[in-house]
Amino acid sequence: TGMDAESFFGMLATVLPREDRVPFDAFPWRPAVHPIFFAHRVRGLPSGIYLLVRDPSAEEPLRSALDADFEWSQPAGCPRDLPLYRLAAGDFRRPARIVSCDQEIASGGAFAVAMLAEWEPRLREEGAHAYRRLHWEAGALGHVLYLEAEAVGLRGTGIGCFLDDLVHEMLGISDRRFQTRDHFTVGGPVEDPRLRDA
């Protein structure tokens with residue numbers, strides 16, 4: 001299942017923090033989760049790995065933590081105020097599926113997401129409570145993506161099983177400054193007759 005680039009860019013804009021945007025107006029801390037997108041079927045956008053930098057101050061640490069060979073180019077047609085960067089072009093359906101415990105949902109839709117969180121620096125600065133807050137923030141991004149997928153006629157779902165070390169290896173992460181938290185995917189629904197609505 002695919003989607004068009006305009007809808008994709010619009011969806012990404014809704015996860016950027018703004019003081020007047022629910023739920024991010026409830027978070028009094030600087031954004032710490034930056035989604036990595038494995039774009040598979042976004043019409044008008046080349047397949048590849050993309051990063052949305054949700055806080056400008058995190059761009060330089062992300063550049064130094066990720067693979068030095070990544071492109072860091074803004075895709076054609078992307079709104080100038082959307083800090084989306086293509087890291088690598090190519091077909092990443094198989095790698096996305098492998099790092100998601102071989103679940104087809106990570107490769108069969110429009111895109112899959114790995115929520116990349118600022119890790120050790122936040123835990124050092126803010127203490128153990130930051131661990132919980134990173135999960136809250138990643139969860140909030142997932143909830144917004146659920147709603148946005150519905151709005152464009154698609155569906156979203158969390159991916160409960162993923163292999164974080166393989167994701168880190170794919171991204172060139174060699175320390176604990178950034179770690180992948182929740183994963184998510186957006187695509188067309190597949191009805192399971194074994195399940196029923198209550």
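Going by the structure above, here's the rest.
Quantities reported herein were computed from a predicted structural model and do not represent experimental measurements. (Residues numbered from 1 in each chain as written. Predicted model: local features only at pLDDT ≥ 70, side-chain atom pairs only at ≥ 80, totals over all residues. Heavy atoms only, no water.)

## Some details on helix H6 (residues 164–171)
Counting along an α-helix, one turn takes 3.6 residues, and residues three or four places apart therefore face a common direction. Residues of H6 that are buried include every one of Val167, His168 and Leu171, and no others. Burial along H6 is one-sided: seen end-on, the buried residues are contained in an arc of 100°. Turned more than 90 degrees away from the buried face of H6, the exposed residues are Asp165 and Glu169. (Buried < 20%, exposed > 50% of the residue type's maximum accessible area, 1.4 Å probe, protein only. Helix = DSSP H or I, 4+ residues; strand = E, 2+ residues; numbered from the N terminus. Arc of directions from axis to C-beta.)

## Considering the state of the cysteines
Scanning the model with the defined rule gives 1 disulfide in all. Paired by a disulfide, Cys101 and Cys161 hold their sulfur atoms 2.0 Å apart. Handedness here is read from the sign of the S-S torsion; for Cys101 and Cys161, about -70°, the answer is left-handed. Within this pair, whereas Cys101 is found in the loop between helix H3 (93–99) and strand E6 (111–118), its partner Cys161 is found in the loop between strand E7 (155–159) and H6, the two being separated by 60 residues in sequence. (Disulfide = S-S within 2.5 Å.)

## Considerations on the nonpolar core
By size, the foremost hydrophobic cluster in this structure holds 36 residues, and its most contacted members are Phe8, Phe37, Leu84 and Phe111. Those elements that provide at least two residues to this core are helix H1 (5–13), strand E2 (33–39), strand E4 (48–52), E6, helix H5 (129–151) and strand E8 (178–187). Tallying contributions element by element places H5 first for this core, with 7 residues. Dropping the residues within four chain positions of it, Phe8 is found in contact with Met3, Phe37, Val42, Leu45, Leu84 and Phe111. Among the nonpolar cores identified, the runner-up in size contains 26 residues, and Phe38, Leu87, Ala96 and Leu116 belong to it. (Core = buried A, V, L, I, M, F, W, Y, C linked by side-chain atoms within 4.5 Å. Contact = heavy atoms within 4.5 Å.)

## Things to note about the pattern of salt bridges
Following the criterion strictly, the structure yields 13 salt bridges and no others. Among the salt bridges present, the one from Arg86 reaches Glu71, with a minimum N-O distance of 2.9 Å. One end of the pair, Arg86, is in strand E5 (residues 84–89); the other, Glu71, is in the loop between helix H2 (59–65) and E5, and 15 residues separate them in sequence. The partly exposed category is assigned to Glu71, whose relative accessible area is 35%. One salt bridge in this structure joins Glu126 and Arg122, with 3.8 Å as the shortest N-O distance. Here Arg122 and Glu126 lie together in helix H4 (residues 120–126), a separation of 4 residues that amounts to about one turn. Judged by its relative accessible area of 34%, Glu126 is partly exposed. Connected via shared salt-bridge partners are Arg30, Asp55, Glu118, Arg122, Glu126 and Arg133. (Salt bridge = Lys/Arg side-chain N within 4 Å of Asp/Glu carboxyl O.)

## Here's the deal with a nonpolar patch on the surface
Side chains of Ile98, Leu163 and Leu166 sit close together on the surface and give an oily, nonpolar patch of about 210 Å² of accessible area. The topology assignment puts Leu163 in the loop between E7 and H6. Judged by relative accessible area, Leu163 falls into the partly exposed class, the value being 36%. (Patch = residues over 30% accessible without salt bridge, like charges linked within 9 Å, V, L, I, M, F, W, Y side chains within 5 Å. Areas by Shrake-Rupley, 256 points an atom, 1.4 Å probe, with all protein chains shown as cover.)

## Looking at the environment of Arg63
Summarising the element assignment, Arg63 is placed in helix H2. The sequence separation of Arg63 and Tyr85 amounts to 22 residues, and the corresponding C-alpha distance is 11 Å. Apart from the residues lying within four places of it in its own chain, the contact partners of Arg63 are Trp72 and Tyr85.

## Structural notes on the environment of Arg80
When you line up the elements, Arg80 lands in the loop between H2 and E5. With 115 residues separating them along the chain, Arg80 and Leu195 place their C-alpha atoms 43 Å apart.

## Let's talk about the sheet that holds E7
Taken in spatial order, the 6 strands of this open sheet run E5-E4-E2-E6-E8-E7, and their pairing is antiparallel. Sheet topology places E5 and E7 at the edges, where each strand pairs with a single neighbour. Taking each pair of neighbouring strands and ignoring which way they run, the sheet shows an average axis angle of 25°. Inspection of the sheet shows E2 paired to E6 by 7 bridges, in the antiparallel sense. Bridge pairing links His34 to Leu116 in E6. H5 contacts E2, E6, E7 and E8 of the sheet and is inclined by roughly 15° relative to E8. The sheet contacts of H6 involve E2, E4, E6 and E8, and relative to E8 the element is tilted by about 95°. (Pairing = 2+ DSSP bridges. Axes fitted to C-alpha atoms, helices over the stretch in contact; angles between N-to-C directions.)

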